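Listed below, chain by chain, are the residues.
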Amino acid sequence: QVQLVESGGNLVQPGGSLRLSCAASGSIFSIGAMGWYRQAPGKERELVATITSGSNTNYADSVKGRFTISRDNVKNTVYLQMNSLKPEDTAVYYCNANVRRTSWSGTMDYWGKGTLVTVSS
């Protein structure tokens, strides 16, 4: 099995910063792309940012210039540094990883259970 555990969600004032972490553990041979998604109340889940194993990144237009995704391939961990937070960033943030469990298996997407970020004064 593979587990993804997010941490770092909290209540923060507008303009503030938070850093989310997501650690992957379990039966892992390699991890390809990792990413962060979010789901606000009453809305569909949306992509926030992704990062490949070679550290190529992609961001939603709404977070470009404010959020930074990074990863530590030794620790199997992905991070999301969020600056200049806005009330509209309020959501549950989910971690995603594309994992190969053995050298001969295909890849599969795994999801964490989410961490709540609330931006409010």
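Refer to the preceding data block for the structure.
Residues numbered from 1 in each chain as written. Predicted model: local features only at pLDDT ≥ 70, side-chain atom pairs only at ≥ 80, totals over all residues. Heavy atoms only, no water.

Caption draft 1: Up close: the nonpolar core. Core analysis: the biggest nonpolar cluster contains 31 residues, and W36, L80, M82 and Y93 have the highest contact counts within it. Elements with a contribution of two residues or more to this core: β1 (2–7), β3 (18–26), β4 (30–39), β5 (46–51), β7 (67–72), β8 (77–82), β9 (91–100) and β11 (115–119). Tallying contributions element by element places β9 first for this core, with five residues. With residues up to four places along the chain from it excluded, the contact list for Y93 reads E6, L20, W36, Y37, R38, V48, F67, L80, M82, G114, T115 and V117. (Core = buried A, V, L, I, M, F, W, Y, C linked by side-chain atoms within 4.5 Å. Buried < 20%, exposed > 50% of the residue type's maximum accessible area, 1.4 Å probe, protein only. Helix = DSSP H or I, 4+ residues; strand = E, 2+ residues; numbered from the N terminus. Contact = heavy atoms within 4.5 Å.)

Caption draft 2: Quick peek at the sheet that holds β3. If you trace the four strands from one edge of the open sheet to the other, you get β1-β3-β8-β7, paired in antiparallel fashion. Two strands close off the open sheet at either side, each with one partner strand: β1 and β7. Shown here is a sheet whose adjacent strand axes are inclined to one another by a mean of 15 degrees, direction ignored. Examined bridge by bridge, β7 and β8 share six bridges and lie antiparallel to one another. In the sheet register, F67 faces β8, and the bridge partner there is M82. (Pairing = 2+ DSSP bridges. Axes fitted to C-alpha atoms, helices over the stretch in contact; angles between N-to-C directions.)

Caption draft 3: Summary view of the state of the cysteines. A complete count under the given rule lists one disulfide for this structure. One disulfide bridge connects C22 with C95, the sulfur atoms lying 2.1 Å from each other. Looking along the S-S bond of the C22-C95 disulfide, the torsion reads about -80 degrees, which is the left-handed sense. Pair noted here: C22 is in strand β3 and C95 is in strand β9, with a separation of 73 residues, a long-range link. Of the two residues, C22 and C95, neither departs from the other in class, the shared state being buried. (Disulfide = S-S within 2.5 Å.)

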